[in-house]
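Structure at a glance
One letter stands for each residue in the lines below.
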Amino acid sequence: MPAGGFASVRPAGVEFEAKITPIVIISCIMAATGGLMFGYDVGISGGVTSMPDFLKKFFPVVYEKTNDPTINSNYCKYDNQGLQLFTSSLYLAGLIATFFASYTTRNFGRRPTMLIAGVFFIVGVVLNAAAENLAMLIIGRILLGCGVGFANQAVPLFLSEIAPTRIRGGLNILFQLNVTIGILLANLINYGTAKIKAGWGWRLSLGLAGIPAGLLTLGALLVVETPNSLIERGLLEEGKAVLRKIRGTDKIEPEFLELAEASRIAKEVKHPFRNLLKRRNRPQLVIAVALQIFQQFTGINAIMFYAPVLFDTVGFGSDASLYSAVITGAVNVISTLVSVYSVDKLGRRKLLLEAGVQMFISQVVVAIVLGIKVKDHSEDLQKGFAILVVVMVCVFVSGFAWSWGPLGWLIPSEIFPLETRSAGQSVTVCVNLLFTFVIAQAFLSMLCHFKWGIFLFFSGWVLIMSIFVLFLVPETKNIPIEEMTERVWKKHWFWKRFIDDNEDEEVGTNGKDSKKSGHSNGFDPASQL
């Protein structure tokens, strides 16, 4: 389950004067609807693909399997590559669109990129809601994926650059929070539209995505461009005017000079991707890539998919989907709020390690109960064991939502230095979307073949990634980006061997210059997520 957001810290020893102005709050709320749109797209597919009318029209083979009394397995009824493509095509399109979004974000600004995302979303929604054949449905889904690629590239960057330093972390996770709210709303809407007997309930579910799509488009038209983007493109006076407007003060000269200096340094970087591969940048690259892969192999998709069956077993009957959506969705939202308030107090490592234990235990318990008591048929599960499984589902979801969900994006955004930040974040986004696509495309088939063992499969990955965090992921809490090398990498028991001050770097500035002007206002002239 993909997520968005990254952290920024102010330059060492400098406190820029800034008020929390109405324009900042309104701009951030409007921009965060990009997360709402992404979450809605992710959540809506699971419910729609279980609607009989939708399956009958686009996936008749799956529809027949779900109504075949000879097929009793709860694990294999939805095993169909075409059905999985309906879900996964969004992530593949988002992966490809990210490359184009990086260009538009850098050369045309954050606002135009968000506007492009809104247009993609609206056209995709229209095609999906009006779909008469599978090709039309998939094309609409691909356009939604393009919208995701553009929105996920521009919105978190916009949020980071527009917000005052002291509330920047919370506003960054606002994007992730909106993703979880979008998933919850999608599940609730699916529950309501599934009761429409006229056969067009699925169209309403897909069509209502037009509301957040419209809000994002409207927001892109109304918000101001970030001063970082204006300065980056040489519009210095406009950038200074916008900075004065959003900060609510005339004392913006120190921050303006910092932005201009960071822009100058970033423009001197000739080969950011080649520089990213150098030995001294290997720790950041390895950690960023590993976190994206591990995030997808936590098994969050397995838990969220199987939840309705588990809740139905408890005795909720026809209301199983509603209770599943409300309980798991609410746990998801609330736990993300926990991350907002605790990530800068407890630190990244503590949250990741605690959640690793929490997710591992919950998945093992689910696997044991289903393996011993269910035997491929959920109706065999006794109520007491079913309640235990439901509790474990909530325990797992909460652990993911306050750790690997938001932190899988937050940590990579903190560890890359200025000269490799754009390239590093681009790699981070691409790896995340690639493995999201792989899991989405393969999950139903894995569920059919592994059955209850799929929870042991994912719990094994949770154990591996927790060990990885324990030994190789350093704490980055309250450490300025420009001081990461000295305070983190050079002091780490393993990664310090990769840091060589004498190594030639293909950047426009040396480590000393970067450290002097290490700028952390969320500014990045290329692509960040």
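Quick note: structure is the one above.
Calculation criteria
- Residues numbered from 1 in each chain as written.
- Predicted model: local features only at pLDDT ≥ 70, side-chain atom pairs only at ≥ 80, totals over all residues.
- Heavy atoms only, no water.
- Helix = DSSP H or I, 4+ residues; strand = E, 2+ residues; numbered from the N terminus.
- Expected span 1.5 Å × (residues − 1).
- Buried < 20%, exposed > 50% of the residue type's maximum accessible area, 1.4 Å probe, protein only.
- Polar contact = N/O pair within 3.5 Å; in protein donor to acceptor, adjacent residues only side chain to side chain.
- Contact = heavy atoms within 4.5 Å.
- Salt bridge = Lys/Arg side-chain N within 4 Å of Asp/Glu carboxyl O.
- Patch = residues over 30% accessible without salt bridge, like charges linked within 9 Å, V, L, I, M, F, W, Y side chains within 5 Å.
- Areas by Shrake-Rupley, 256 points an atom, 1.4 Å probe, with all protein chains shown as cover.
- Arc of directions from axis to C-beta.
- Phe/Tyr/Trp six-rings, centres within 6.5 Å; stacked < 30°, edge-to-face > 60°.
- Lys NZ or Arg CZ within 6 Å of the ring centre and 35° of its normal.
- Axes fitted to C-alpha atoms, helices over the stretch in contact; angles between N-to-C directions.
- Parallel < 35°, antiparallel > 145°, perpendicular 65-115°, else oblique.
- Left-handed = near helix turned anticlockwise from the far one by under 90°.
- Nonpolar A, V, L, I, M, F, W, Y, C, P; charged D, E, K, R; others polar.

Let us now look at helix 19 (residues 404-415). With twelve residues, helix 19 extends 16 Å from end C-alpha to end C-alpha; this agrees with the ideal 16 Å at 1.5 Å per step. Counting buried positions along helix 19 yields twelve of twelve residues, so the element is predominantly enclosed. Residues W404, G405, P406, L407, G408, W409, L410, I411, P412, S413, E414 and I415 constitute the buried set of helix 19.

In this section: the side chain of S398. Tracing the chain through its elements places S398 in helix 18 (residues 383-401). Taking relative accessible area as the criterion, S398 reaches 9% and is therefore assigned buried. Here the side chain of S398 touches Q358 through a polar contact of 2.8 Å, side chain to side chain. Polar contacts involving the side chain of S398 include one to the main-chain carbonyl oxygen of V395, which spans 2.8 Å. Beyond its immediate chain neighbours, meaning those up to four positions away, S398 contacts V331, S335 and Q358.

A full pass over the atoms with the stated rule returns five salt bridges. Two residues, E132 and R203, come together in a salt bridge whose shortest N-O distance is 3.2 Å. Of this pair, E132 sits in the loop between helix 5 (110-129) and helix 6 (134-162) while R203 sits in helix 8 (residues 201-207); the two residues are 71 residues apart in sequence, bridging distant segments of the chain. Where K490 meets E486, a salt bridge forms, and the shortest distance between an N and an O atom there is 2.9 Å. Residue K490 is classed as partly exposed on the basis of its relative accessible area of 26%. One salt-bridge network, held together by shared partners, links K57, E132 and R203.

Nonpolar side chains collect at one region of the surface, where L463, I467, L470, F471 and W493 lie side by side and expose about 510 Å² of accessible area between them. In this fold, L470 is placed in helix 21 (residues 453-472). The class for L470 is partly exposed, based on a relative accessible area of 44%.

On to helix 9 (residues 210-222). End to end, helix 9 covers 18 Å across 13 residues, agreeing with the expected 18 Å (1.5 Å per residue, within 8%). Those residues of helix 9 that fall on the buried side of the exposure criterion are P212, A213, L216, T217, G219 and A220. One side of helix 9 holds all its buried residues, which, seen down the axis, span an arc of 160 degrees. Within helix 9, the exposed residues directed more than 90 degrees away from the buried face are I211 and L222.

Moving on, we come to the environment of S45. Relative to the helices and strands, S45 is located in helix 1 (residues 22-48). On the basis of relative accessibility, which here comes to 4%, the residue S45 falls in the buried class. Sequence separation between S45 and T87 is 42 residues, and the spatial gap between their C-alpha atoms is 6.3 Å. Sequence-distant contacts of S45, that is, excluding residues within four places in its chain, are made with F86, T87 and R141.

Here we take up the packing of aromatic side chains. Throughout the structure, instances matching the rule amount to 19 aromatic pairs. Each ring, one from F120 and one from F150, has its centre 5.6 Å from the other, and the planes form 40 degrees; the classification is tilted. With F120 in helix 5 and F150 in helix 6, this pair connects stretches of sequence that are 30 residues apart. Residue class for F120 comes out partly exposed when judged on its relative accessible area of 24%. Summarising the aromatic geometry, the rings of W493 and F494 are spaced 5.5 Å apart at their centres and angled 55 degrees between planes, so their arrangement reads as tilted. Taking relative accessible area as the criterion, W493 reaches 48% and is therefore assigned partly exposed. We classify F494 as partly exposed; its relative accessible area is 22%. Just above the ring of F58 sits the side chain of K57; from NZ or CZ to the centre is 5.8 Å. Geometry around F86 places R141 over its ring, the cationic atom sitting 5.1 Å from the centre.

Now for the environment of Q363. Within the secondary structure layout, Q363 lies in helix 17 (residues 348-374). Distance from Q363 to V462, taken between C-alpha atoms, is 9.4 Å for residues 99 residues apart in sequence. What Q363 contacts, discounting residues up to four positions off in sequence, is T298, G299, I303, F396, F455, F458, S459 and V462.

A separate point is the packing of helix 1 against helix 6. Relative placement of two packed helices is described by the angle separating their axes and the distance separating the axes. The interhelical angle for the contact between helix 1 and helix 6, taken along N-to-C directions, is 150 degrees, at an axis separation of 9 Å. By the angle between their axes, helix 1 is roughly antiparallel relative to helix 6. In this structure, helix 1 meets helix 6 at a crossing whose hand is left-handed. In contact with V24, S27, C28, A31, A32, G34, M37, F38, D41, I44 and S45 of helix 1, helix 6 contributes R141, L144, V148, N152, V155, F158, L159 and I162. In terms of residue class, the contact of helix 1 with helix 6 is made up of 13 nonpolar, four polar and two charged.

Here we come to the packing of helix 1 against helix 9. Contact geometry for helix 1 and helix 9: axes closest at 8 Å, N-to-C directions at 155 degrees. When the axes of helix 1 and helix 9 are compared, the pair comes out roughly antiparallel. In terms of crossing hand, the pair formed by helix 1 and helix 9 is left-handed. Of the residues in helix 9, those touching helix 1 at M30, A31, T33, G34, L36 and M37 are P212, A213, L215, L216, L218, G219 and L222. The class makeup of the residues in the contact of helix 1 with helix 9 is ten nonpolar, three polar and no charged.

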